[in-house]
Amino acid sequence: MKIVSYDKFILNNRLLMKIILIPLPHKDFDPSETAIPFKLLKEKNYSIVFSTPMGVEAAADPIMLTGKGLGILKRFFMARKDAIDAYAQMMISPEFKNPIAYSELKTENYDALLLPGGHAKGMREYLESSTLQNVAAEFMNQKKLVAAVCHGVVLLARSKGADGKSVLYGRKTTGLLRQQEKLAFNITRLWMDDYYLTYPETTVEDEVKENLKQESDFIQGPNPIGKDRANNLKNGFSLVDENYISARWPGDIYSFTANILKQLK
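Residues numbered from 1 in each chain as written. Predicted model: local features only at pLDDT ≥ 70, side-chain atom pairs only at ≥ 80, totals over all residues. Heavy atoms only, no water.

Q: Now, about the overall build of the protein chain: what can you tell me, with residues and values included?
A: Along the protein chain, the regular secondary structure elements total 12 helices and 9 strands. Over its C-alpha atoms the protein chain spans a radius of gyration of 17 Å, differing by no more than 12% from the 18 Å that the globule rule assigns to 265 residues. If one aligns the C-alpha atoms of the protein chain with their principal axes, the spans along those axes are about 50 × 40 × 35 Å. Pairs at least 24 residues apart make up 77% of the contacts formed inside the protein chain by residues separated by at least 6 positions. By element, 54% of the accessible surface of the protein chain is carried by carbon and sulfur atoms, the whole surface being about 12000 Å². (Helix = DSSP H or I, 4+ residues; strand = E, 2+ residues; numbered from the N terminus. Rg over C-alpha atoms; globule rule 2.2 N^0.38 Å. Contact = heavy atoms within 4.5 Å. Areas by Shrake-Rupley, 256 points an atom, 1.4 Å probe, with all protein chains shown as cover.)

Laid out in structure tokens, this is it:
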């Protein structure tokens, strides 16, 4: 049953556990970057609140879940089994089935903000939401924990402080690398067109760099060849800058979530 009063829900739960807000678009978010953190945060008894543009249940990028259209690249590009299993659990959770609308968000109700990514075109309503950008700016300005991965970093780069500058100005960050985005696009462009380019005119790395104090504040990290795992974080990369945590892609998701859990303590 849908929760009617989220303010009352927050007040009843705030003294018991920290509450993490996870906004999503209606469709096309990355399942790994959402479901793995959700699973690991829930295992540590943190409370999660999802939000979508109109408060309607969201759906992940189907190609990442099924591999349809990826051909022989399916085993390399689609979500791994651990993420698909976590997504299946998340889908039936009351938190995921009862999101609140962006317009209902109040920063004071939450302890942390988690911004997942995704590259398909449905991500645009999330990345371009002025409401979400204002919420993200408030979290950063109030020094609350903010964690962004992949295209979630673009949303932060577009979020402006009172001085009109991006909230990432003067910060160190990582995000989806240009080489990663272009590689996926170039390998699949003959039959998938620009599926791997959310914005064909630019890349995540280029847009984020435009909003930083200096380009060197964008940290690429080690070569993203392997993916980390729950019991082996060595292939992952996640950057911590005070109250801000960033990561590049699903291959960093366990390292990313490990840093979120450390900061929440």
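Q: I'd love a proper account of the environment of E104, names of residues and values included.
A: Within the secondary structure, E104 is located in the loop between β5 (100-101) and β6 (112-115). Residue class for E104 comes out partly exposed when judged on its relative accessible area of 41%. Taking the C-alpha atoms as reference points, E104 and I20, separated by 84 residues in sequence, lie 15 Å from one another. (Buried < 20%, exposed > 50% of the residue type's maximum accessible area, 1.4 Å probe, protein only.)

Q: Would you mind going over the packing of aromatic side chains in detail, with residue names and values included?
A: Applying the stated criterion across every chain, the model contains 7 aromatic pairs. Here the aromatic cluster, defined as three or more aromatic residues joined through ring pairs, consists of F29, F38, F50, Y87 and F96. K144 extends its terminal NZ or CZ atom over the ring of F139, reaching a point 5.7 Å from the ring centre. (Phe/Tyr/Trp six-rings, centres within 6.5 Å; stacked < 30°, edge-to-face > 60°. Lys NZ or Arg CZ within 6 Å of the ring centre and 35° of its normal.)

Q: So what about the pairing of strand β7 (residues 145-149)? Which residues, and what values?
A: For β7, the buried fraction is high: 5 of the 5 residues fall into the buried class. Here β7 shows no split at all, with L145, A147 and V149 on one side and V146 and A148 on the other all buried. Here β6 runs beside β7; their pairing, made up of 4 bridges, is parallel. Bridging across to β7, L113 finds its partner in V146. (Pairing = 2+ DSSP bridges.)

Functional significance is not addressed by these values, which are geometric in nature.
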